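# Breakdown of the fold
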Amino acid sequence: MDSIKKYIAEVIGTFVLVLLGCGTAMLVGCDAVNGGGYILTALAFGLVIVGMAYCIGNISGCHINPAVSLGVLLSGGMTFTDFIGYVISQCIGAIAGAGMLKAIFDMGDVVDKTGGLGSNGLGGVNGSAGAGVLVEILLTFIFVMTILGVTSKKANHGSFGGLIIGLTLTLVHIFGIGLTGTSVNPARSLGPAIFAGGDAVSDLWVFIVGPFVGAALAACVYKFLESSNKKVPEKAPAPAAKPAAAKPVQKKKKK
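Residues numbered from 1 in each chain as written. Predicted model: local features only at pLDDT ≥ 70, side-chain atom pairs only at ≥ 80, totals over all residues. Heavy atoms only, no water.

Now for the overall build of the protein chain. Broken down by element type, the protein chain carries nine helices and zero strands. Residue burial in the protein chain is summarised as follows: out of 255 residues, 44% are buried. For the protein chain, contacts bridging at least 24 residues in sequence account for 77% of all contacts bridging at least 6. Carbon and sulfur atoms make up 68% of the accessible area of the protein chain, which totals about 13,700 Å². (Helix = DSSP H or I, 4+ residues; strand = E, 2+ residues; numbered from the N terminus. Buried < 20%, exposed > 50% of the residue type's maximum accessible area, 1.4 Å probe, protein only. Contact = heavy atoms within 4.5 Å. Areas by Shrake-Rupley, 256 points an atom, 1.4 Å probe, with all protein chains shown as cover.)

Spelled out as structure tokens, the structure:
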């Protein structure tokens, strides 16, 4: 039953990510020329992570990204069975989010400024699949390394983990939107591509291979770097104060 709850949480989280992240891109545009839309799109994706981290993070860990789940799997943080369940749930959420966007924009006759439901593409790298894969590997490596560091049991980062991860996703979007649209998330790319069709589907492999390779590298590198670190010792509780010894009762002398 607990696993089912985790999967439902991942469906909801990925649905919200695609709905609000890709939806913002569709409304404001996210090309490098339109700076305002560029930054708003990056912030939308980052802020979704912040919100969802504090919403479903205590239920499923708020992966909402198959690449993140792969990094956690390779780091020993989840079982293979849960990994498969997470990935399926994330893809369902992403497809549902993209389908909802298509319904809203079609029913409202709203102009999609991305032309493809916020799907990823290779226009920024002039159609070079090699460059696209390289960008996605690097961005996902940075993103997953941050997640593994923030969530490591060997460090005490307090309650700011969701904020740090969200800001990091914003950062990689600021760099990557003008190149590939920034995926770092195979499910996020899959959902819009299914409804957009065309190049979004033919180039989809780039946004599956790149993030998975980047996540695998991040997990291996972080595991190696952390292997020599000792767990931060927790402060021992202060010893309880000893009760004061009772004073002996003195008998009164008879006069």
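This next bit is on helix α3 (residues 66-74). Given 3.6 residues per turn, any residue in an α-helix points the same way as the ones three and four places further on. Judged by how many residues are buried, α3 sits mostly within the fold: eight of nine residues are covered. Buried within α3 are the following residues: Pro66, Ala67, Val68, Ser69, Leu70, Gly71, Val72 and Leu73. In this structure, the buried side of α3 is in contact with α4 (80-107), α5 (129-150), α7 (186-196) and α9 (206-226).

What follows concerns the environment of Gly97. With respect to the helices, strands and loops of the structure, Gly97 is situated in helix α4. Taking the C-alpha atoms as reference points, Gly97 and Phe15, 82 residues apart in sequence, are found 4.5 Å from one another. Leaving out residues up to four positions away in the same chain, Gly97 has contacts with Phe15, Val18 and Leu19.

This next bit is on the pattern of salt bridges. Summed over the entire model, instances satisfying the criterion amount to one salt bridge. Across the pair Lys102 and Asp106 runs a salt bridge whose closest N-O atoms are separated by 3.2 Å. A residue pair is termed a helical-turn pair when its members lie 3 or 4 positions apart in one helix, as Lys102 and Asp106 do in helix α4 at four residues. Of the residues examined, Lys102 reaches a relative accessible area of 31% and is grouped as partly exposed. (Salt bridge = Lys/Arg side-chain N within 4 Å of Asp/Glu carboxyl O.)

Of note, Thr182 is a non-glycine position whose phi angle comes to about 60 degrees, a positive value. Here Thr182 lies in the loop between α6 (161-176) and α7. One non-glycine residue, Val184, lies in positive phi territory at about 50 degrees. Looking at the secondary structure, you find Val184 in the loop between α6 and α7. Given a relative accessible area of 1%, Val184 falls into the buried group.

Considering the arrangement of structural elements, one finds Leu117 in the loop between α4 and α5. Sequence separation between Leu117 and Ala193 is 76 residues, and the spatial gap between their C-alpha atoms is 7.8 Å.

A separate point is the packing of helix α1 (residues 2-28) against α4. Where α1 contacts α4, the two axes come as close as 7 Å, and the packing angle between them is 35 degrees. Considering how the two elements wind past one another, α1 and α4 form a crossing that is right-handed. Grouping the amino acids of the contact of α1 with α4 by side-chain chemistry returns 16 nonpolar, nine polar and three charged. (Axes fitted to C-alpha atoms, helices over the stretch in contact; angles between N-to-C directions. Left-handed = near helix turned anticlockwise from the far one by under 90°. Nonpolar A, V, L, I, M, F, W, Y, C, P; charged D, E, K, R; others polar.)

Turning to the environment of Thr151, a few remarks are in order. By the secondary structure assignment, Thr151 is in the loop between α5 and α6. For the pair Thr151 and Val72, spaced 79 residues apart in sequence, the C-alpha separation works out to 9.9 Å.

There is a patch of nonpolar side chains on the surface, built from Ile39, Leu40, Leu43, Leu47 and Ile174 and spanning about 420 Å² of accessible area. Ranked by residue count, the leading element in the nonpolar patch is helix α2 (residues 35-60), at four residues. Mapping Leu47 onto the fold places it in helix α2. Using a relative accessible area of 57% as the deciding quantity, one classes Leu47 as exposed. (Patch = residues over 30% accessible without salt bridge, like charges linked within 9 Å, V, L, I, M, F, W, Y side chains within 5 Å.)

Here the focus is α9. Counted at 1.5 Å a residue, the expected span for α9 with its 21 residues is 30 Å, and the 30 Å between its end C-alpha atoms agrees. Every buried residue belonging to α9 is among Val206, Phe207, Gly210, Pro211, Gly214, Ala215, Ala218, Ala219, Tyr222 and Glu226, and all of these are buried. (Expected span 1.5 Å × (residues − 1).)

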